[in-house]
Amino acid sequence: MTMRLVVVSAGLSVPSSTRLLADRLTESARRSLAEAGETVDVEIVELRELAVPIANNLVTGFPPAPLEAAVEAVASADGLIVVTPVFSASYSGLFKSFFDLIEPGALTGKPVLIGATGGTARHSLVLEHAMRPLFAYLRAETVPTGVYAASEDWGGSGDPLTDTLPDRIDRAGGQLARAMSLHPARSAADDAGLGGFDITTTLGAPRAPESPAPAPPAVGPATL
């Protein structure tokens, strides 16, 4: 079965370091999937090209065809790579506005690799303080390694002690590939009613009536 990997890039410029990071992460995930014997189709969603349709949809409620297709691609993907530039210590407004259009529950259980770019390493906590909570709210499953790329991470000297961006990209891509490989089986188990934790059968089930305690033996003269 061919998997679908959808990549959402919120970069605003051309060329864009955000798109560059998205491409590097995509190649890493594709390579890891190929090594595992999986085939994958990749679709790129460039939010820059959808900025006006997203704004119009927020005030009219009627998405044009390209925006509707992008939302459907995200909802039906086997895995997502999402990358945003950092604005004011958080994801961009364009990035957030797009994911505001995703229906509740559409990303439940979906593997997501989060990434961000910025001018300085001081913004790297955006992954943990903004992006991971957003996708937790959407009930997606973010892979453990998120990748932040500051300006100084590009074009390094090749020193393995300081040039960690390629290592982080490879580690994150491998984690996403493994999560995607498990995702179809998990979804099938959920459809069959086997994937969830049914609290009613464990904690909330009614208790069986207890047998009455045996009456104490009668006390008579012979036993005093």
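So, here is what we can say about the structure in this document. Keep in mind the model is a prediction, meaning the values are calculated, not measured.

Description of the overall build of the protein chain
When helices and strands are tallied, the protein chain shows six helices and seven strands. The helix and strand sequence of the protein chain, counted from the amino end, reads β-α-β-α-α-β-β-α-β-α-β-β-α. Looking at the protein chain as a whole, 39% of its 224 residues are labelled buried. Split by element, the accessible area of the protein chain, about 12,600 Å² in all, is 58% carbon and sulfur.

Describing helix 1 (residues 17–35)
Over its 19 residues, helix 1 extends 27 Å from the first C-alpha to the last, a length consistent with the 27 Å expected when each residue adds 1.5 Å. Those residues of helix 1 not exposed but buried are Thr18, Leu21, Ala22, Leu25, Thr26, Ser28, Ala29, Ser32 and Leu33. Looking straight down helix 1, one finds that the buried residues subtend no more than 165° of arc, so they occupy a single side. For helix 1, the exposed residues set more than 90 degrees away from the buried face come down to Ala34 and Glu35. Among the residues of helix 1, the N-terminal cap falls to Ser16, whose side-chain oxygen and the backbone nitrogen of Thr18 are separated by 3.1 Å.

Thoughts on the environment of Ala69
The residue Ala69 is located in helix 3 (residues 65–76) in this model. A residue is classified by how much of its surface remains accessible, and Ala69, at 45% relative accessible area, is partly exposed.

What to know about the nonpolar core
Side chains of nonpolar character tend, in soluble globular proteins, to be buried together. Grouped together as the largest cluster of nonpolar side chains are 37 residues, with contacts concentrated most on Leu47, Val82, Phe95, Phe98, Phe99 and Phe135. Looking at this core, the elements with two or more residues in it are strand 1 (2–9), helix 3, strand 3 (79–87), helix 4 (93–99), strand 5 (111–118), helix 5 (126–137) and strand 7 (147–150). In terms of residue count, the dominant contributor to this core is helix 5 (six residues). Setting aside residues up to four positions removed in sequence, Phe135 forms contacts with Val82, Phe95, Phe99, Leu107, Val112, Ile114, Ala140 and Thr142. In terms of nonpolar packing, the next biggest core, distinct from the first, is built from 21 residues, Ala22, Ile81, Val83 and Leu176 among them.

Overview of the pattern of salt bridges
Applying the stated criterion to the full structure yields eight salt bridges. Note that Arg19 and Glu46 form a salt bridge whose closest N and O atoms lie 2.7 Å from each other. With a gap of 27 residues between them, Arg19 in helix 1 and Glu46 in strand 2 (residues 39–46) connect regions that are remote in the sequence. Residue Glu46 is classed as buried on the basis of its relative accessible area of 16%.

A look at the environment of Val52
Its place among the elements puts Val52 in helix 2 (residues 51–60). Taking the relative accessible area as the measure of exposure, Val52 reaches 57% and is therefore exposed. Separated by 42 residues in sequence, Val52 and Leu94 place their C-alpha atoms 9.9 Å apart.

Comments concerning the packing of aromatic side chains
Tallied over the entire structure, the rule returns five aromatic pairs. Centroid distance Tyr91 to Phe95: 6.0 Å. Interplanar angle 35°. Geometry classified as tilted. Just as Tyr91 is buried, Phe95 falls in that class too. The interplanar angle of 85° and the centroid separation of 5.2 Å between the aromatic rings of Phe98 and Phe99 together place this pair among those described as edge-to-face. In this structure an aromatic cluster arises from ring pairing among Tyr91, Phe95, Phe98, Phe99 and Phe135.

Description of helix 2
Among the residues making up helix 2, those that are buried are Pro53, Ile54 and Asn57. Viewed end-on, helix 2 has its buried residues packed into an arc of 100°, placing them on one side of the element. For helix 2, the exposed residues set more than 90 degrees away from the buried face come down to Val52 and Val59. At its buried positions, helix 2 is contacted by helix 3 and helix 4. Just past helix 2, the residue Gly61 takes up positive phi, approximately 80°.

Criteria and thresholds
Residues numbered from 1 in each chain as written. Predicted model: local features only at pLDDT ≥ 70, side-chain atom pairs only at ≥ 80, totals over all residues. Heavy atoms only, no water. Helix = DSSP H or I, 4+ residues; strand = E, 2+ residues; numbered from the N terminus. Buried < 20%, exposed > 50% of the residue type's maximum accessible area, 1.4 Å probe, protein only. Areas by Shrake-Rupley, 256 points an atom, 1.4 Å probe, with all protein chains shown as cover. Expected span 1.5 Å × (residues − 1). Arc of directions from axis to C-beta. Polar contact = N/O pair within 3.5 Å; in protein donor to acceptor, adjacent residues only side chain to side chain. Core = buried A, V, L, I, M, F, W, Y, C linked by side-chain atoms within 4.5 Å. Contact = heavy atoms within 4.5 Å. Salt bridge = Lys/Arg side-chain N within 4 Å of Asp/Glu carboxyl O. Phe/Tyr/Trp six-rings, centres within 6.5 Å; stacked < 30°, edge-to-face > 60°.

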